[in-house]
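# A closer look at the structure
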Amino acid sequence: MASLKDAKRLVIKIGSALLVDSGTGALRQDWLTSLAADVARIRARGTDVIVVSSGSIALGRRILGLPASALTLEQSQAAAAVGQIRLARAYEEALRPHDIITGQVLVTLEDSQDRRRYLNSRATMETMLGLGVTPIVNENDTIATDEIRYGDNDRLAAQVAVTVGADQLVLLSDVDGIYTANPKLRSDAQHIAIVDKITSEIEAMAGDAGSGLSKGGMITKVMAAKIATEAGCMMAIALGTGLNPLSKLEEGARVTWFTAQTDPQAARKLWISALKPKGTITLDEGAVAALGRGKSLLPAGVTQISGSFGRGDLVALLAADGMRLGQGLARYTSAEARQIMGRHSRDIVNVLGYEGRAALVHRDDMVL
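Heads up: these notes are all about the structure in this document. (Residues numbered from 1 in each chain as written. Predicted model: local features only at pLDDT ≥ 70, side-chain atom pairs only at ≥ 80, totals over all residues. Heavy atoms only, no water.)

### Remarks on helix H6 (residues 115-130)
For H6, built from 16 residues, the straight-helix expectation of 22 Å at 1.5 Å per residue is met to within 8% by its first-to-last C-alpha distance of 22 Å. Along H6, the residues classified as buried are Tyr118, Leu119, Ser121, Arg122, Ala123, Met125, Met128 and Leu129. Two residues or fewer after H6 comes Gly132, characterised by a positive phi angle close to 85 degrees. (Helix = DSSP H or I, 4+ residues; strand = E, 2+ residues; numbered from the N terminus. Expected span 1.5 Å × (residues − 1). Buried < 20%, exposed > 50% of the residue type's maximum accessible area, 1.4 Å probe, protein only.)

### So, the packing of helix H3 (residues 56-64) against helix H4 (residues 73-95)
Relative orientation of the contacting elements H3 and H4 amounts to 105 degrees, with a least axis distance of 6 Å. Taken together, the axis directions place H3 and H4 in an arrangement best described as roughly perpendicular. For the pair H3 and H4, contact is made by Ser56, Ile57, Leu59, Gly60, Arg61, Ile63 and Leu64 and by Ser76, Ala78, Ala79, Ala80, Val82, Gly83, Gln84, Arg86 and Leu87, respectively. When grouped by side-chain class, the residues that make up the contact of H3 with H4 number nine nonpolar, five polar and two charged. (Axes fitted to C-alpha atoms, helices over the stretch in contact; angles between N-to-C directions. Parallel < 35°, antiparallel > 145°, perpendicular 65-115°, else oblique. Contact = heavy atoms within 4.5 Å. Nonpolar A, V, L, I, M, F, W, Y, C, P; charged D, E, K, R; others polar.)

### Remarks on the sheet that holds strand S5 (residues 168-173)
Within the open sheet, the eight strands sit side by side as S3-S4-S2-S1-S5-S9-S10-S8. Their pairing is mixed. Across the chains shown, the open sheet's two edge strands, defined by having one partner strand only, are strand S3 (101-107) and strand S8 (194-195). Across six bridges, the pairing between strand S1 (residues 9-14) and strand S2 (residues 48-53) is parallel. When the sheet's bridge partners are listed, Ile14 is paired in S2 with Ser53. (Pairing = 2+ DSSP bridges.)

### Examining the side chain of Thr333
When you line up the elements, Thr333 lands in the loop between strand S14 (324-329) and helix H13 (334-340). Judged by its relative accessible area of 19%, Thr333 is buried. Those residues in contact with Thr333 that sit more than four places away from it in its chain are Phe309, Gly310 and Arg311.

### Details of the pattern of salt bridges
Summed over the entire model, instances satisfying the criterion amount to 13 salt bridges. Arg254 is the partner of Asp176 in a salt bridge, and the nearest nitrogen-oxygen pair spans 3.2 Å. A residue pair is termed long-range when its members are at least 10 positions apart, and Asp176 in the loop between S5 and strand S6 (178-179) and Arg254 in the loop between helix H10 (245-250) and strand S10 (255-258) qualify at 78 residues. The salt bridge involving Arg331 is made with Asp365; its shortest N-O contact spans 3.6 Å. In this pair, Arg331 is assigned in the loop between S14 and H13 and Asp365 in the loop between helix H14 (348-352) and strand S15 (366-367), connecting sequence segments 34 residues apart. Three or more residues are tied together by salt bridges with common partners; here these are Asp38, Arg41, Arg45 and Glu250. (Salt bridge = Lys/Arg side-chain N within 4 Å of Asp/Glu carboxyl O.)

### Comments concerning the sheet that holds strand S11 (residues 279-283)
Strands pair in a sheet through their backbones, by hydrogen bonds, and they do so in one of two ways: parallel or antiparallel. Taken together, five strands build an open sheet; the order of strands is S12-S11-S13-S14-S15 and the sheet is mixed. Two strands lie at the open edges of the sheet, namely strand S12 (302-307) and S15, each paired on one side alone. Bridge analysis of S14 against S15 gives two bridges, and the strand direction is antiparallel. Looking at the pairing, Gly328 lines up with Met366 of S15. The strands touched by helix H11 (residues 264-274) within the sheet are strand S13 (314-318), S14 and S15, with S14 carrying the most contacts at an inclination of about 105 degrees.

### Quick notes on the environment of Val162
In this fold, Val162 is placed in helix H7 (residues 153-164). Excluding residues that lie within four positions of it along the chain, Val162 makes contacts with Tyr118, Arg122, Ile227 and Ala231.

### Side note on the packing of helix H2 (residues 29-44) against H4
Their axes nearest at 9 Å, the elements H2 and H4 cross at an angle of 60 degrees. As the angle between them shows, H2 and H4 are arranged oblique. Like other packed secondary-structure pairs, H2 and H4 cross with a definite hand, here right-handed. Taken together, the residues of H4 that come into contact with H2 (itself represented by Leu32, Leu35, Ala36 and Val39) are Ala90, Tyr91, Ala94 and Leu95. By residue class, the composition of the contact of H2 with H4 is eight nonpolar, no polar and no charged. (Left-handed = near helix turned anticlockwise from the far one by under 90°.)

Right, here's the structure in full:
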């Protein structure tokens, strides 16, 4: 049975219904305080934690006096703008007593579909985690329209887990997992503790077993599980309504675990392997040897750039004799790469006029 104690990098998704009182629209401060204690305890054993949280619109609409009924797009965006400040402050104040620094990350669906934005998001959150910061991620409802929205934070959380290479994702919900049917309507509904493979039968159960209280219901959670598990991240649907929900999960509360189909790094390498290169980079002997030792490709080891590619595009890596060594995601455009090839990384700022990344292709974005 999976356990949070095994997690190296954990993403926690929190819905509005858990964070905001549905009757008054006020923040459930005692609940958030208990969650912060859980997060602090998990971080103390060396686990990276990322929180994906709804709640900005729910908090903002109360402050603005907007109706509880459906809002227009413009009203939702205005409520989000007001609520995002309160939401970020709430997490900051809850985690500060544990000496945890928080940072807000706002994303849209476009940020994961556009490779350059995806790499920027990944690099930013990796840096935050490396500095000991707990990212608080939410959909950027202030600017998002239907065309660029995730529409639910279940799938957003799954995409964040994929982006940061998390090995575990927990969706805190108003139900304790998936059932063979809706347990509120059928007394014979059976809880499913482990899902090793998401089949059409599981998807059908999700369509019938949704709670209806969270946006999208159970079906979006199963869709999130498909995204996460295919990228090597196991996922849990756990009841989050009570205090200290993560502690309860660790203590054996009923939950549904979806098992990962691979590990995050292997899944990422497989994805990179399947892409078609848009250009080539030729390496000198020193760079070839460095790659063999598991190092990143630095501009100093590059002798030739061919093709036209953008930042985040795939490039083939070649030895001086033309032998293909592997492929990876470029951190510079082809025009920029031509300017800095053969140069030391410290010279990049003088050549390009801005402080760039040291590696032309990072080892985490490379398959040999």
